[in-house]
Amino acid sequence: MDLKRRSATAEEIQGPTILSRLWELTTDQWFLFVLIVLVIFSPQVQVPGAQQGFKTRIVQNLTIAVIFFINGLATQTQDLMANIRHWYCHVFI
């Protein structure tokens, strides 16, 4: 029986590199990073003072809509169908 020992590569010895960990974090938490970027850049878009309240309402409503949309995309269809059966609770609230 011929058993050959394989030498370990540098990545196997050291583990994942910093760049691979950073890439994994970025792809896993992309929504959080995009949200942070939007929060940072949103005050940079200036509108006249008379329309500031309108801008605030639009930004708040769009932000809430996007959060619910992405949350809905992450929901399993089976869970959604199971929760629809509790319509009386949703009507009460």
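Details of the structure are given in the entry above.
Residues numbered from 1 in each chain as written. Predicted model: local features only at pLDDT ≥ 70, side-chain atom pairs only at ≥ 80, totals over all residues. Heavy atoms only, no water.

1. Description of the overall build of the protein
Part 1 of the argument: The number of helices and strands found in the protein is six helices and zero strands.
Part 2 of the argument: Seen in sequence order, the protein has helices and strands lined up from the N terminus as α-α-α-α-α-α.
Part 3 of the argument: Counting every position in the protein, which comprises 93 residues, the buried fraction comes to 2%.
Part 4 of the argument: Carbon and sulfur atoms make up 67% of the accessible area of the protein, which totals about 9,200 Å². (Helix = DSSP H or I, 4+ residues; strand = E, 2+ residues; numbered from the N terminus. Buried < 20%, exposed > 50% of the residue type's maximum accessible area, 1.4 Å probe, protein only. Areas by Shrake-Rupley, 256 points an atom, 1.4 Å probe, with all protein chains shown as cover.)

2. Regarding the layout of surface pockets
Part 1 of the argument: Within this model, the largest pocket holds a volume of roughly 290 Å³.
Part 2 of the argument: Every residue lining the largest pocket is counted, 14 residues in all, and those nearest its centre are Leu35, Leu38, Val59, Leu62 and Thr63.
Part 3 of the argument: Among the secondary structure elements, those contributing two or more residues to the lining of the largest pocket are α3 (30-41) and α4 (52-74).
Part 4 of the argument: Element by element, the count of residues in the lining of the largest pocket is highest for α4, at seven residues. (1 Å grid on protein atoms, 1.4 Å probe; cavity = no way out; pocket = protein on both sides within 12 Å on 5 of 7 lines; lining within 4 Å. Points joined across faces, edges and corners; volume = space filled by probe spheres on them.)

3. Overview of the packing of aromatic side chains
Part 1 of the argument: Enumeration according to the criterion identifies one aromatic pair in this entry.
Part 2 of the argument: Ring centres of Trp30 and Phe31 lie 6.0 Å apart, and the angle between their planes is 85 degrees; this geometry places the pair in the edge-to-face category.
Part 3 of the argument: When its relative accessible area of 46% is taken as the criterion, Trp30 is described as partly exposed.
Part 4 of the argument: Since its relative accessible area comes to 26%, Phe31 is described here as partly exposed. (Phe/Tyr/Trp six-rings, centres within 6.5 Å; stacked < 30°, edge-to-face > 60°.)

Honestly, that's just the spatial picture; any functional story needs more than this.
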